[in-house]
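So the chains spell out like this:
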Amino acid sequence: MSDDGADIIGAGNTALAHRWQGVMMDNFGTPRLPLVRGRGTRVWDAEGTEYLDFVGGIAVNSLGHAHPAVVRAVAEQIGSLGHVSNLFIAEPTVHLAERLLRIAGRAGRVYFSNSGAEANEAALKIGRLTGRTHMVATTGGFHGRTMGALALTGQPDKQRPFHPLPGDVSHVPYGDVAALRAAVTPKTALLILEPVQGENGVIVPPPGYLRAAREITAATGTLLVLDEIQTGIGRTGRWFAAQAEDVEADVVTLAKGLGGGLPIGATLAFGAAAELLTPGTHGSTFSGNPVVCAGALAVLDTIERAGILEHVTRAGGRLRAGLEALAHPLVREVRGSGLLLGVVLGAKAAARVQQAAQDHGLLVNAVAPDVIRLAPPLTVSDREVDIFLDGFGAALSEVSDEVLTAV
Ligand SMILES: *Cc1c(COP(=O)(O)O)cnc(C)c1O
């Protein structure tokens, strides 16, 4: 195929999958569907088929696709000042840091990066700059794929090919306060946790867990790092999920939903932890890029002005109640918070449910062999929730018929 051929051969679903296979590294496998356009909660594939997007770019598209406020902010910024490097100051960068600290409700400092893993890498460096080296993280926890973040990630299958990883990390069972108490000592630099384990299958810890983590780390002078990369920026109906337990961490990391589709990470630090990065200790060319910061500001503005936090609580409640009302024999449990929900199946049929849902025009994510993760835009409407519930119920029934026939 000539280079020009790619343009002519375009664009059907299968054609794009073939082109992907020809040139992309195989770390993602071949994704299941090419998407070419989106609007709100809806997306269209390369053949014009429409879907309701309950994956949301993996909890990224907080305002859905092509939200006019984000489009306008990004267009205006790239049209006036696209990038300055950290040798100069751009106003949107400072403004976004001010806004993030305001929604956190505390004085502190912010380091910007380009992804979740990088936000955690900065947290890891802050931890090391305490002078301590030992770190505690949780089994099943997910903190990213770069080598430092991977060392914190408690998933041996993802780590195994890359040993030796940066060291001195202990993993403890998630949700287990006694295990935290035993593992965190006065030699521990940091404890890192997700308020809800997202990639591990939307696992909610027992009530009081985050509060206990705060007490245990305060007693040993250990930094509490809350990885709110998936749960932050309204996903659970609060700006930060840990606000549900009134817990104030030393470091909070953000990414996914913050940029409304733009790549951005942020590491917020408070108290003494905010002063540990000093000139020369860390950096990135794109840190605080004004275009992504302008987009993120539009996201925060819109969430605030349109009352989206309250909407998430309502819409999340409607979705959850609707899923429970299906009372489907294949569904064992619905768990999660706000618009981050896990539908736990009684069989390892998540991949089949994902495909059946797609055949009904619904995009969902089989995050574990027996768990479907739902993370629609925070702006999802009641009507879209109801359409989703109809189609998802039908998809579940098709799969349970198959499972029964197979037995
Ligand atoms: C997605 C995620 C990360 C990693 O973010 P990337 O942008 O993929 O590097 C880290 N922590 C949590 C909790 C996440 O959900």
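Residues numbered from 1 in each chain as written. Predicted model: local features only at pLDDT ≥ 70, side-chain atom pairs only at ≥ 80, totals over all residues. Heavy atoms only, no water.

### So, the nonpolar core
Link 1 in the chain: Counting 82 residues, the largest nonpolar core has L100 and F392 as the members making the most contacts within it.
Link 2 in the chain: Considering each element in turn, this core owes the most residues, 9 residues, to helix 11 (residues 290-305).
Link 3 in the chain: Composition of this core by domain shows at least three residues from each of domain 1 (6-61 + 307-406) and domain 2 (70-305).
Link 4 in the chain: Those residues in contact with L100 that lie beyond four places of it in its chain are V110, F112, I233, L254, L258, A266, L268 and L300.
Link 5 in the chain: Counting residues in each nonpolar core, the second largest holds 14 residues, with L190, I192, L223 and V251 among its members. (Core = buried A, V, L, I, M, F, W, Y, C linked by side-chain atoms within 4.5 Å. Buried < 20%, exposed > 50% of the residue type's maximum accessible area, 1.4 Å probe, protein only. Helix = DSSP H or I, 4+ residues; strand = E, 2+ residues; numbered from the N terminus. Domains from an automatic or database assignment. Contact = heavy atoms within 4.5 Å.)

### A look at the packing of helix 4 (residues 68-78) against helix 11
Link 1 in the chain: One can describe the packing of helix 4 onto helix 11 by two numbers: an axis separation of 8 Å at closest approach and a directional angle of 150°. Viewed along their axes, helix 4 and helix 11 adopt a mutual orientation that is roughly antiparallel. The interaxial crossing formed by helix 4 with helix 11 has right-handed handedness. Side by side, helix 4 and helix 11 meet where A69, V70, A73, V74, Q77 and I78 of the first sit next to P290, V291, A294, G295, A298, V299 and T302 of the second. (Axes fitted to C-alpha atoms, helices over the stretch in contact; angles between N-to-C directions. Parallel < 35°, antiparallel > 145°, perpendicular 65-115°, else oblique. Left-handed = near helix turned anticlockwise from the far one by under 90°.)

### Comments concerning the sheet that holds strand 13 (residues 362-363)
Link 1 in the chain: As summarised here, the arrangement of the 4 strands in space is 1-2-3-13, forming an open sheet in which the pairing is mixed. With partners counted over all chains shown, the strands left at the sheet margins are strand 1 (35-39) and strand 13, one partner each.
Link 2 in the chain: Here 2 bridges tie strand 3 (residues 50-53) to strand 13, and the two strands are oriented parallel to one another. Counterpart to D53 in the pairing with strand 13 is L363. (Pairing = 2+ DSSP bridges.)

### Describing the sheet that holds strand 8 (residues 223-227)
Link 1 in the chain: Pairing in this open sheet of 7 strands is mixed, and the strands run 4-10-9-8-7-5-6 from one edge to the other. Edge positions in the sheet fall to strand 4 (108-113) and strand 6 (169-172), since each of these pairs with one other strand and no more. Sheet twist, expressed as the mean angle between neighbouring strand axes with direction ignored, is 20°.
Link 2 in the chain: Looking at chain direction, strand 9 (residues 251-254) and strand 10 (residues 265-270) are connected through 4 bridges and run antiparallel. When the bridges of strand 10 are listed, V251 appears paired with A269.
Link 3 in the chain: Its contacts with the sheet place helix 5 (residues 91-104) against strand 4, strand 9 and strand 10, and it is angled at close to 125° to strand 4.

### What to know about the UniProt feature "modified residue: N6-(pyridoxal phosphate)lysine" (unreviewed entry) in the protein
Link 1 in the chain: Within the UniProt annotation, "modified residue: N6-(pyridoxal phosphate)lysine" (unreviewed entry) is assigned to K256.
Link 2 in the chain: K256 gets classed as buried once you look at its relative accessible area, which sits at 18%.
Link 3 in the chain: When neighbours within four sequence positions are excluded, K256 is seen to be in contact with I58, A59, V60, E199, I229 and Q230. (UniProt positions renumbered as here; feature names shortened; annotations may be inferred.)

### A word on the site of the ligand
Link 1 in the chain: Of all residues adjacent to the ligand, which total 13 residues, the nearest are G116, A117, D227, Q230 and K256.
Link 2 in the chain: One nitrogen or oxygen atom from the main chain of G116 is found 2.8 Å from an oxygen atom belonging to the ligand.
Link 3 in the chain: A distance of 2.7 Å separates an oxygen atom of the ligand from a polar side-chain atom of Q230.
Link 4 in the chain: Its free accessible area being 380 Å², the ligand has 82% of it covered by the protein chains.
Link 5 in the chain: Broken down by element, the residue count for the shell around the ligand peaks at 3 residues, all from helix 6 (residues 116-128). (Near = heavy atom within 4 Å. Polar contact = N/O pair within 3.5 Å; in protein donor to acceptor, adjacent residues only side chain to side chain. Areas by Shrake-Rupley, 256 points an atom, 1.4 Å probe, with all protein chains shown as cover.)

### Here we look at the pairing of strand 12 (residues 340-345)
Link 1 in the chain: Across the 6 residues that make up strand 12, a large majority, 6, are buried.
Link 2 in the chain: With burial as the criterion, each face of strand 12 is covered, one bearing L340, G342 and V344 and the other bearing L341, V343 and L345.
Link 3 in the chain: Count of turn residues in the strand 11 (residues 331-337)/strand 12 antiparallel hairpin: 2 residues, of which G338 carries a positive phi of about 55°.
Link 4 in the chain: Taken together, the 4 bridges between strand 12 and strand 15 (residues 371-374) define a ladder with antiparallel strand orientation. The residue of strand 15 that forms the bridge with G342 is R373.

### A word on the pattern of salt bridges
Should the charged atoms of two oppositely charged side chains come close, the side chains can pair.
Link 1 in the chain: Inspection of every chain in the model, using the stated rule, returns 17 salt bridges.
Link 2 in the chain: Residues D250 and R214 are paired through a salt bridge, measuring 2.9 Å at the closest nitrogen-oxygen approach. In this pair, D250 is assigned in the loop between strand 8 and strand 9 and R214 in helix 10 (residues 209-220), connecting sequence segments 36 residues apart. Summarising the burial analysis for this pair, D250 and R214 share the class buried.
Link 3 in the chain: Here D301 and R305 are joined by a salt bridge, their closest N and O atoms 3.9 Å apart. One end of the pair, D301, and the other, R305, are both in helix 11, 4 residues apart, so they sit about a helical turn from each other.
Link 4 in the chain: Salt bridges sharing partners connect three or more residues here, namely R99, R102, D301, E304 and R305. (Salt bridge = Lys/Arg side-chain N within 4 Å of Asp/Glu carboxyl O.)

### Here we look at the side chain of D45
Link 1 in the chain: Structurally, the position occupied by D45 is in strand 2 (residues 42-45).
Link 2 in the chain: At 2.8 Å, the side chain of D45 and the backbone nitrogen of E47 are in polar contact.
Link 3 in the chain: Only 2.9 Å separates the side chain of D45 from the backbone nitrogen of T49, close enough to count as a polar contact.
Link 4 in the chain: Ignoring anything within four residues of it in the chain, the contact list for D45 reads N13, L33, P34, L35, V36 and Y51.

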